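Geometric and topological summary
Listed below are the residues making up each chain.
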Amino acid sequence: MNKVLAQQPDAASAAAAPVIEFRNVTKRFGALTVLDDFNFAVAPGEKVTLIGPSGSGKSTVLRILMTLEPFQEGQLTLAGIPYHEPNGKGPFRASDRHLHQIRSHVGMVFQSFNLFPHMSVLRNVTEAPAAVLGLSRAEAECRAIDLLRMVGLADKKDHYPAQLSGGQQQRVAIARALAMRPRVLLFDEPTSALDPQLVGEVLGVIRNLASEHDLTMLLVTHEMRFAREVSDRVCFFDKGRIVEEGEPERIFTAPAEPRTREFLQSVLG
Amino acid sequence: MMYGYAWDLTTPLTYAASILPILLIGLTVTLQAAAAGFALALVLGLVFALLRRSRIKAVALTTAFVVEFLRDTPLLVQLFFLYYVLPDYGITLPAFLTGVIALGLQYSAYTSEVYRGGIEAIPRGQWEAATALNMTRWQTYRDIVIPQMVPRIVPTMGNYLVAMLKETPVLSVVTVLEMLGLANMIGERTFEYLVPLSMVGIIFLLLTLICSAGIHRLEKVLPKAGIPLR
Ligand SMILES: Nc1ncnc2c1ncn2[C@@H]1O[C@H](COP(=O)(O)OP(=O)(O)OP(=O)(O)O)[C@@H](O)[C@H]1O
Ligand SMILES: [Mg+2]
């Protein structure tokens, strides 16, 4: 798997320089404050899961990182690059060029897959590498086939998304995101839109990815068992703040905060 | 006698047969004007639709104003303006070209609305996926949005094509010799309007039917999910 993923700087500098760092970030939708003075850091190669009740702002964290949502106050850096430019204009307070640079380090897998329905599986995975990274069709296809093989769908390369099951679509979406060789990959409830019997195959692919040391992963999921298995760290998120975080074992077996306990009880039954 | 064809008024049938070649010459003009006008409307309408979504407010507002203006003024006024007023400012265009531009401009206002609806119907997730893949706005339009929009707008665009086709006779007022204009001239000279006008009506009916059938076919053969442009 190593050869199909980006080569990342080694983890030696991990402790010193987080790859993601939110410092006092405040995000509002009109009068609604979703993130309030939010602080959060992720080390290179770390696999972090966000759990928490609906509406607590988990997706918003990922969407801000993906530059799909602007934020109003505080600082955010990705691989050392600040999201806001000193004299940045517009809601994102950054030029298109700057946003482009940020996005080159981060990818996202969506709950609803969002594959391009008019393109074959192969084309879905080659489109951006060819258009954005400037790879030749041949190079892009070579990379795409490797990735499709990794998610177990090389034989479906000429199918269209509508001809695939939800689980297969999500695996293609993962391959598509990986084809851009991001340092950071965001997953927003990647299995929530799937029929129960299709969840396993997608989690399997993500689990394999998680064994990849270089890729930094930030996941939002309601699959608690899975979170416990793949994460280096689990963060319980409520009302726009991290209430409690730590190693999965501890969070799931001995949560310190009453709210964490309450939440885990409600989802684990 | 017109274009070297003499009319034969013995019976309505011989009359019809004798003037058909003349009307067919007019028909080619009609078809050329409609084809060129519609091509212009398709291109210009897309440009308007995209400009209207520009993030630069001044560009978006100016475009909205221009589109509204084109849509709310009669084709005939635009036609007269291009034909009679522009020469005062040193711009003299041939009648046919004037007609094509007037048709194209007026219909670009309609097509731009169709494009706008088509673009807005693309789910937000498609834009977000494109952003997450670091595609630029332009690449997203070209590779994701427009290809998916095309099959959805074909039926409405088809209606506008038919509508434009039926409006081409207006061009006769600026001396374009299209079909209806020729039929009128034949009537003026023979004092017999019934046959030429009926023939024009029937030809338009046939054209419209053929057009609609063609668009229907196109709808059927186009992949529903969209057509990659490259
Ligand atoms: N575009 C928006 N406009 C206004 N409010 C929004 C918008 N997007 C999200 N919100 C609000 O922000 C809050 C946080 O939303 P977010 O989607 O981040 O929650 P979440 O933790 O991902 O929840 P879920 O588990 O349901 O996905 C919610 O109250 C939501 O209603
Ligand atoms: Mg969410």
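Every value quoted in this text rests on a predicted model; they were computed, and no experiment measured them. (Residues numbered from 1 in each chain as written. Chains lettered and ligands numbered in written order. Predicted model: local features only at pLDDT ≥ 70, side-chain atom pairs only at ≥ 80, totals over all residues. Heavy atoms only, no water.)

Here's the deal with the sheet that holds strand 7 (residues 184-188) of chain A
Residues and elements named next belong to chain A. Formally: A pair of strands counts as paired when DSSP detects no fewer than two bridges linking them. Only DSSP runs of H or I covering at least 4 residues are called helices, and only runs of E covering at least 2 are called strands; the numbering of each starts at the N terminus. The angle between two axes is taken between their N-to-C directions and runs from 0 to 180 degrees, where each axis is a line fitted to C-alpha atoms and a helix contributes only its stretch in contact. When checking whether two residues touch, look at their non-hydrogen atoms; a contact exists if any pair is within 4.5 Å.
Strands sit in the order 6-7-8-3-9-10 across an open sheet of six strands; the sheet is mixed. Of all strands in the sheet, those with a lone pairing partner are strand 6 (106-109) and strand 10 (241-246), marking the two edges. Recorded for the sheet is a direction-independent mean angle of 20° between the axes of neighbouring strands. Inspection of the sheet shows strand 7 paired to strand 8 (residues 216-220) by five bridges, in the parallel sense. Opposite Leu 186, over in strand 8, you have Leu 218 as the bridge partner. Strand contacts of helix 5 (residues 166-178): strand 6 and strand 7, with the helix running at about 175° to strand 6, the strand carrying the most contacts.

A closer look at the UniProt feature "domain: ABC transporter" (unreviewed entry) in chain A
What counts here: UniProt positions are given in the numbering used here, feature names are shortened, and annotations may be inferred rather than shown by experiment.
Mapped onto this structure's residue numbering, the UniProt feature "domain: ABC transporter" (unreviewed entry) falls at residues 20-264 of chain A. Helix makes up 36% of residues 20-264 of chain A and strand 24%, with an end-to-end C-alpha separation of 26 Å.

Topic: the packing of aromatic side chains
Operational definition: Each aromatic pair joins two rings of Phe, Tyr and Trp (for Trp, the six-membered one) with centres within 6.5 Å, and gets the label stacked for planes under 30 degrees apart, edge-to-face for over 60, and tilted for any other angle. The buried label applies to any residue whose accessible area, calculated with a 1.4 Å probe on protein chains only, is under 20% of its type's maximum; exposed applies above 50%, and partly exposed to all values in between. Whether a charge sits over a ring depends on NZ of Lys or CZ of Arg being within 6 Å of the ring centre and within 35 degrees of the ring normal.
The final tally for this structure, using the stated rule, is 11 aromatic pairs over all chains. Seen in terms of ring centroids, A:Phe38 and A:Phe237 are 5.4 Å apart; in terms of plane orientation they differ by 70°. Their pairing is edge-to-face. Of this pair, A:Phe38 sits in strand 2 (residues 32-42) while A:Phe237 is found in strand 9 (residues 233-238), placing the two residues 199 residues apart along the sequence. On the basis of relative accessibility, which here comes to 1%, the residue A:Phe38 falls in the buried class. Residues B:Trp127 and B:Tyr141 carry aromatic rings whose centres are separated by 5.2 Å and whose planes lie at 90° to one another, so their mutual orientation is edge-to-face. A residue pair is termed long-range when its members are at least 10 positions apart, and B:Trp127 in helix 5 (residues 124-132) and B:Tyr141 in helix 6 (residues 137-167) qualify at 14 residues. The burial state of B:Trp127 is the same as that of B:Tyr141; both residues are buried. Through pairs of rings, three or more aromatic residues link up here, namely A:Phe22, A:Phe38, A:Phe40 and A:Phe237. It is A:Lys27 that lies over the ring of A:Phe29; its NZ or CZ is 4.4 Å from the centre. One cation-aromatic arrangement involves A:Arg176 over A:Phe116; the distance from NZ or CZ to the ring centre is 4.6 Å.

Quick word on the UniProt feature "transmembrane region" (unreviewed entry) in chain B
Residues and elements named next belong to chain B. The residues that UniProt annotates with the feature "transmembrane region" (unreviewed entry) are residues 20-51, 91-110 and 193-215. Between the end C-alpha atoms of residues 20-51 there is a gap of 45 Å, over a span that is 100% helix and 0% strand. Secondary structure within residues 91-110 divides into 80% helix and 0% strand; the distance between the first and last C-alpha atoms comes to 26 Å.

What to know about the site of ligand 1
Residue and element names in this part refer to chain A. Defined as follows: If even one non-hydrogen atom of a residue comes within 4 Å of a molecule or strand, that residue is called near it. What qualifies as a polar contact is a pair of N or O atoms within 3.5 Å, subject to a donor-acceptor requirement within protein and to the restriction that residues adjacent in sequence count only when both atoms come from side chains. Each residue gets one label: Ala, Val, Leu, Ile, Met, Phe, Trp, Tyr, Cys and Pro are nonpolar, Asp, Glu, Lys and Arg are charged, and the others, such as Gly, are polar.
The local shell around ligand 1 holds 13 residues, among which Ser 54, Gly 55, Lys 58, Ser 59 and Thr 60 are the closest. Contact between ligand 1 and Ser 54: an oxygen atom at 2.6 Å from a side-chain N or O atom of the residue. Measuring from an oxygen atom of ligand 1, one finds a backbone N or O atom of Ser 56 at 3.2 Å. Looking at the shell around ligand 1 residue by residue, the class counts come to four nonpolar, seven polar and two charged.

Points about the nonpolar core
All names here are of chain A. For clarity, the cut-off: We call a set of buried Ala, Val, Leu, Ile, Met, Phe, Trp, Tyr and Cys residues a nonpolar core when their side-chain atoms join them within 4.5 Å.
Counting residues in hydrophobic clusters, the biggest one holds 43 residues, and the most contacted among them are Ile 20, Phe 22, Phe 40, Leu 65, Leu 76, Leu 186 and Leu 218. Not counting residues within four places of it along the chain, the set of residues in contact with Ile 20 comprises Phe 40, Ala 41, Val 42, Leu 65, Leu 76, Thr 77, Leu 78, Val 184 and Leu 218. Residues Phe 113, Leu 147, Ala 179 and Met 217 belong to the second largest nonpolar core, which totals 36 residues.

A short note on the interface of chain B and chain A
Where we set the bar: By buried area we mean the combined loss of accessible area, with a 1.4 Å probe, across both parts when two parts are placed together. The salt bridge criterion pairs a side-chain nitrogen of Lys or Arg with a carboxyl oxygen of Asp or Glu, the two atoms within 4 Å.
With 23 residues of chain B at the contact, the number on the chain A side is 27 residues. Summed over both partners, the interface of chain B with chain A comes to about 2000 Å²; 57% of that surface belongs to carbon and sulfur atoms. Here chain B is connected to chain A by two salt bridges. Summed over the shared surface of chain B and chain A, the result is seven residue pairs in polar contact (both at pLDDT 80 or more). Where the side of chain B that touches chain A is concerned, the elements lending two or more residues are helix 5 and helix 6 of chain B. It is helix 5 of chain B that contributes the most residues to the side of chain B that touches chain A, eight residues altogether.

A short note on unusual backbone geometry
Residues and elements named next belong to chain A. One non-glycine residue, Thr 67, lies in the positive phi region at around 60°. Not every positive phi belongs to a glycine, and Lys 239 is a case in point at roughly 50°. On the basis of relative accessibility, which here comes to 65%, the residue Lys 239 falls in the exposed class.

A look at the sheet that holds strand 2 of chain A
All names here are of chain A. Strand order in this open sheet of four strands is 2-1-4-5, and the pairing throughout is antiparallel. Here the strands that pair on one side only, and so sit at the sheet edges, are strand 2 and strand 5 (81-82). Note: strand 1 (residues 20-29) against strand 4 (residues 73-78), five bridges, orientation antiparallel. Counterpart to Ile 20 in the pairing with strand 4 is Leu 78. Packed onto the sheet, helix 1 (residues 58-65) meets strand 1, strand 2 and strand 4 and runs at close to 115° relative to strand 1.

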